[in-house]
Amino acid sequence: MSRWILVVEDEAALGGMICDNLRADGYGVELIGTGDQAAARLETGRFDLVLLDVMLPGQDGLSVLQAMRTRGDRTPVLMLSAKGADEDRIRGLEAQADDYLAKPFHLRELLLRVAALLRRAPAGESATDELAFGGNTIDFRAQTARTWNGECVELTGSEATLLRLLGSRRGELVSRREAVEALFGPATPPTARTVDNVIVGLRKRFERDRNAPRWLVTVRGRGWRLVHQVPVAREERDAGGA
């Protein structure tokens, strides 16, 4: 499984185009449109790289970056800005951005800079390379998993992408809209049934009883959640009935 990238861009058309090209290169992508949403998301999720626009509604990109570095978050950050003057680039680098790209830019250059930053990131530094729940262990680098009953399986790209999104938001609701955008891009209608089929497939692999899921839980009418831990009483009850 390729790396997971957060794109923070308030221009919807540009953000969608960036995400489409990153997905075409094999990356997992999440798109956010405001500085306040980005700041909140970066406190709960873990990413391999952040593409961060400077001019954003709410907090600007520099404030988001400074907050990241203050709390010790060393995730690589590529700043994007319509301001290309030397002093603006220097401000971004002084705030500990890893790279800076002025708009308008060539998409090929963006992709090359993304690849270069990810090559420089220390191996094993990402917190999203593995995920464990319910006796299952997911290896996103190899796109494989060992299930609760000891079976080794290969994941499809859609399965790995959705698991990675749920794992990065563990315990939180992931809305249908967010799941659809992660799999198919922002232009896809949020009613896409393919997401439901991916969830069904994941439950077949990773739930002991796919008809009574304990880990991959549906929040009716809203989306899904990967729970932190099944209550002990329920675990004991299940074990006693085995």
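Residues numbered from 1 in each chain as written. Predicted model: local features only at pLDDT ≥ 70, side-chain atom pairs only at ≥ 80, totals over all residues. Heavy atoms only, no water.

Student: Explain the pattern of salt bridges to me, please; I cannot follow it from the model alone.
Tutor: Oppositely charged side chains are able to pair whenever their charged atoms sit close together. Counted by the stated rule, this structure contains 13 salt bridges. The salt bridge involving D98 is made with R69; its shortest N-O contact spans 2.9 Å. In this pair, D98 sits in the loop between α4 (86-94) and β5 (99-102) while R69 sits in helix α3 (residues 61-70), placing the two residues 29 residues apart along the sequence. By relative accessible area, which is 31% here, D98 ends up partly exposed. Where R205 meets E159, a salt bridge forms, and the shortest distance between an N and an O atom there is 3.1 Å. Here E159 lies in helix α6 (residues 157-168) and R205 lies in helix α8 (residues 194-206), a separation of 46 residues in the sequence. Through salt bridges with shared partners, a single ionic network connects E9, E11, D53 and K103. (Salt bridge = Lys/Arg side-chain N within 4 Å of Asp/Glu carboxyl O. Helix = DSSP H or I, 4+ residues; strand = E, 2+ residues; numbered from the N terminus. Buried < 20%, exposed > 50% of the residue type's maximum accessible area, 1.4 Å probe, protein only.)

Student: Sorry if this is basic, but what is going on with the side chain of T75 here?
Tutor: Within the element layout of this structure, T75 appears in the loop between α3 and β4 (77-81). Residue classification places T75 among the buried positions, given a relative accessible area of 11%. Only 2.6 Å separates the side chain of T75 from the side chain of D73, close enough to count as a polar contact. Look past the residues within four positions of T75 in its chain and what remains in contact with it is F47, D48, L49, V50, M68, R69 and D98. (Polar contact = N/O pair within 3.5 Å; in protein donor to acceptor, adjacent residues only side chain to side chain. Contact = heavy atoms within 4.5 Å.)

Student: Help me out: how do you make sense of the nonpolar core in this one?
Tutor: Soluble globular proteins: nonpolar side chains tend toward being buried together. Ranked by internal contacts, the top residues of the largest apolar core, which has 47 residues, are L52, M79, I138 and L163. Grouped together as the second largest cluster of nonpolar side chains are 19 residues, L22, L80, L101 and L111 included. (Core = buried A, V, L, I, M, F, W, Y, C linked by side-chain atoms within 4.5 Å.)

Student: Please explain the packing of aromatic side chains as it appears in this structure.
Tutor: Any pair of aromatic rings gets described here by the distance separating the centres and the angle formed by the planes. Taken as a whole, this structure holds two aromatic pairs when the rule is applied. Ring geometry for F133 versus W215: centroids 6.5 Å apart, planes at 55 degrees, classification tilted. Here F133, found in strand β6 (residues 130-133), pairs with W215, found in the loop between α8 and β11 (216-219); they are 82 residues apart in sequence, far enough to count as distant. On the basis of relative accessible area, F133 is assigned to the buried category, the value being 3%. (Phe/Tyr/Trp six-rings, centres within 6.5 Å; stacked < 30°, edge-to-face > 60°.)

Student: When you look at the sheet that holds β11 in this model, what are you seeing that I'm missing?
Tutor: Pairing between sheet strands relies on hydrogen bonds along the backbone, with the strands arranged either parallel or antiparallel. If you walk across this open sheet you meet the three strands as β10-β12-β11, and the pairing is antiparallel. A single partner strand is all that each edge strand has here, and the edge strands are β10 (174-175) and β11. Relative to strand β12 (residues 223-226), β10 is paired through two bridges, and the arrangement is antiparallel. Across the sheet, V174 pairs through a bridge with W224, a residue of β12. (Pairing = 2+ DSSP bridges.)

Student: Mind showing me how you'd approach the sheet that holds β4 here?
Tutor: Pairing is parallel across the open sheet formed by five strands, whose spatial order is β2-β1-β3-β4-β5. Either end of the sheet is taken by a strand with one partner, and the two such strands are β2 (28-32) and β5. Sheet twist, expressed as the average angle between the axes of neighbouring strands with direction ignored, equals 20 degrees. The sheet contact formed by strand β3 (residues 49-53) and β4 spans four bridges and is parallel. (Axes fitted to C-alpha atoms, helices over the stretch in contact; angles between N-to-C directions.)

Student: Is there a simple way to explain the packing of α6 against α8 in this structure?
Tutor: The axes of two packed helices give the description: the angle between them and the distance between them. Contact geometry of α6 with α8 gives a least axis separation of 10 Å together with a crossing angle of 85 degrees. Judged by the inter-axis angle, α6 sits roughly perpendicular to α8. In contact with S158, E159, L162 and L163 of α6, α8 contributes V195, V198, I199, G201, L202, R205 and F206. A per-class count over the contact of α6 with α8 returns seven nonpolar, two polar and two charged. (Parallel < 35°, antiparallel > 145°, perpendicular 65-115°, else oblique. Nonpolar A, V, L, I, M, F, W, Y, C, P; charged D, E, K, R; others polar.)

Student: I keep staring at the pairing of β11 and nothing clicks. Help me out?
Tutor: In regular strands, side chains alternate between the two faces of the sheet. Pairing between β11 and β12: four bridges, direction antiparallel. Counterpart to T218 in the pairing with β12 is W224.

Student: How should the pairing of β4 be read in this particular structure?
Tutor: Along β4, five of the five residues are buried, which leaves the element largely enclosed by surrounding structure. Burial of the side chains of β4 extends over both faces: V77, M79 and S81 are buried on one face and L78 and L80 on the other. Crossover β3 to β4 through α3 is right-handed. (Right-handed = clockwise from strand over helix to strand, strands pointing away.)

Student: Help me understand helix α5 (residues 107-120), please; the structure alone is not making it clear to me.
Tutor: Each α-helix winds once per 3.6 residues, and so residues spaced three or four apart point in a common direction. Relative to the 20 Å expected for 14 residues at 1.5 Å per residue, α5 spans 20 Å between its end C-alpha atoms, a close match to the ideal helical length. Regarding α5, the residues found buried are L110, L111, V114, L117 and L118. Buried residues of α5, viewed axially, fall in a sector of 125 degrees; they line one side. Exposed and oriented more than 90 degrees from the buried face of α5 are R119 and R120. Among the structural elements, β1 (4-8), α1 (12-24), β3, β4 and β5 are those in contact with the buried residues of α5. (Expected span 1.5 Å × (residues − 1). Arc of directions from axis to C-beta.)

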